[in-house]
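Residues per chain, in single letters:
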Amino acid sequence: MPTLAENVSSRRTFAIISHPDAGKTTLTEKLLLYTGTIQSAGSVKGKSSAKHAVSDWMDIEKQRGISVTSSVLQFTYKGCCVNILDTPGHQDFSEDTYRTLMAADAAVMVIDGAKGVEAQTVKLFKVCALRGIPIFTFVNKLDRETRDPFDLMEEIEDVLGIGTYPMNWPIGNGRTFRGVFDRASRRVLAFEGDGRANAAKKVAEVEAELGDPALDALIGEENHKNLMDDIELLDGADHEFDLEAVRTGKLSPVFFGSALTNFGVEPFLADFLRLAPAPGAHTDALTGEAVDPIADEFSGFVFKIQANMDKNHRDRIAFVRICSGKFERGMDAYHVQGGRKIKLATGTAMMADDRAIVDEAYAGDIVGLFDPGIFSIGDTLCAGKRRVQFAGIPTFAPEHFARVSQVDTLKRKQFVKGMEELAQEGAIQIFRELGAGMESVIVGVVGELQFDVLEQRLKSEYHVAVRRQPLGYTDIRWIQGEYDEDAVRALNLTRDTLRVEDMRGGKLLLFTSPWNVDWANEHNPDLTLSEFGNVTF
């Protein structure tokens, strides 16, 4: 029977990130297909298609062909237990992506071969770089016309500031695409397109020396000549492969392929599992010491809360990243923020919205816990004598605000429940004016598309229609220190500054311009305002 250390070392937990439409969710589906986890892969493209991506389980994701929430997918493959965190690509949901990256040990960055490094890719890369986690790059859509691979390598290095090492090299692109050359094995993997996007046919691996006339017949004389020139240039001038640089996020292994046609996915997975790190140590915020993942005592933190994954039961699931030790069904644990012991009666392993009860899980795994409303994003759970507390997960300041109220006043209870539960997920932030009730709340979001998701989910999950009135506030500040309601009302502020509180009673100010922020600071000498606040539930 495997030891604790062996179980932990077999784990690989990674997030897949990209700009919208680069093929991130399609790559996720093909990884599941190759590992036998699913029998047929869906696509996020055709909205009318009856087959949708497994990781896109919400109604709005199926209707719009986009990913709007992170999904957790787990499978085993060749001795490894793999946890994939599929994140939204759209910038309006970057807060969810940021929280998810806090639970990952590595990231796979998917880049559209025709478009290169795009805006959202840069933003997500910076989050990975701050944590120093390894980044593996998959240049996608080689079956279409793409940019010169040398230009793509240069752009990744210049824009993202990270070294690159091509693990394979494309042979042609678009109509002339014939496969890739694997630099380690010096083999050609020939592309066999059969006109079907979701074909599962495995490619042929051909052992042939560069310069061998047999390659002319396989990939074409011109492609063969270009490949010889490219490989000679790469071997002479490219970075040396340095596994330590990969593990510290300074060098990114680059793979070329086409997720839609299944080409290059299986070799990528094999190399990724070989090179990616096992679960690493997380820091105890109380002592500053690293928590060893193979320590006997269980610990973990909540990085995501999702309501209504099971529409029949209106449940809430708290996603916990296990940082050390072993989770056992029915075990006792200490909820640090709640200050009490709780029983972890049922843990679930996730496959998007499908789930299975698990009896045990190890550091690196993601476990879903039933949440009766006691967990918040960033909460720590631990067992044993040692009390640890992992650092809280920061929240993004909202950039768009609207007043939201229910259309039918008889559905106030459903409205309040829906707003509070979606706020607890971190999907939105809600505020109310001082002394006001919940009949009308102010919603803050990072991106405007989140408003559409809010309305859709309130309607489908809580059966509540709402009115939305956009508000002209642009800046939000948290009031630091002890300020009661009267003290906030007494502040000297411009007429269009709004005094609000969050659902924990924290006091905030909403401003229509940076000038109004300066006014508040200048006319209230004792007032301390912060651009950041722990406003998650």
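Residues numbered from 1 in each chain as written. Predicted model: local features only at pLDDT ≥ 70, side-chain atom pairs only at ≥ 80, totals over all residues. Heavy atoms only, no water.

**Some words on the pattern of salt bridges**
When the charged atoms of two side chains with opposite charge come close together, those side chains can pair. Inspection of the entire model under this criterion finds 21 salt bridges. Note that R468 and D452 form a salt bridge whose closest N and O atoms lie 3.1 Å from each other. Of this pair, R468 sits in strand 27 (residues 466–471) while D452 sits in helix 12 (residues 449–462), and the two are 16 residues apart along the sequence. The exposure class assigned to R468 is partly exposed, which follows from its relative accessible area of 33%. Among the residues examined, D452 registers a relative accessible area of 27% and is labelled partly exposed. Note that R468 and E455 form a salt bridge whose closest N and O atoms lie 2.7 Å from each other. Here E455 lies in helix 12 and R468 lies in strand 27, a separation of 13 residues in the sequence. (Salt bridge = Lys/Arg side-chain N within 4 Å of Asp/Glu carboxyl O. Helix = DSSP H or I, 4+ residues; strand = E, 2+ residues; numbered from the N terminus. Buried < 20%, exposed > 50% of the residue type's maximum accessible area, 1.4 Å probe, protein only.)

**Describing the sheet that holds strand 27**
Taken in spatial order, the eight strands line up as 27-24-26-25-29-30-28-31 in an open sheet, and their pairing is antiparallel. Taken across any chain shown, the strands that pair with only one partner, and hence form the sheet edges, are strand 27 and strand 31 (529–530). Pairing analysis gives two bridges linking strand 28 (residues 475–479) to strand 31, with the strands arranged antiparallel. From the neighbouring strand, W478 faces strand 31, where its bridge partner is S530. Together, strand 24 (400–406), strand 26 (440–445) and strand 27 form the strand contacts of helix 12, whose direction differs from that of strand 27 by roughly 165 degrees. (Pairing = 2+ DSSP bridges. Contact = heavy atoms within 4.5 Å. Axes fitted to C-alpha atoms, helices over the stretch in contact; angles between N-to-C directions.)

**Considerations on the nonpolar core**
The nonpolar side chains of a soluble globular protein tend to be buried with one another. Ranked by internal contacts, the top residues of the largest apolar core, which has 77 residues, are F303, F327 and L344. Per-element tally for this core: the top contributor is strand 15 (residues 316–324), with six residues. Among residues more than four places away in sequence, those in contact with L344 are F298, F327, E328, R329, G330, M331, A333, L369 and L381. Grouped together as the second largest cluster of nonpolar side chains are 32 residues, I84, V265, L273 and L275 included. (Core = buried A, V, L, I, M, F, W, Y, C linked by side-chain atoms within 4.5 Å.)

**Considerations on helix 5 (residues 119–131)**
By the burial criterion, the buried members of helix 5 are Q120, T121, V122, L124, F125, V127 and C128. Positive phi shows up at G132, right after helix 5, with a value of about 65 degrees.

**Let's talk about the pairing of strand 30 (residues 507–511)**
Working note: regular strand, side chains alternate between the two faces of the sheet. Judged by how many residues are buried, strand 30 sits mostly within the fold: five of five residues are covered. Residues K507, L509 and F511 point to one face of strand 30 and L508 and L510 to the other, with burial holding for every one of them. One ladder, built from four bridges, connects strand 29 (residues 498–502) with strand 30; its direction is antiparallel. Looking at the pairing, V500 lines up with L508 of strand 30. The turn linking strand 29 back onto strand 30 is made up of four residues, and G505 within it adopts a positive phi angle of 90 degrees.

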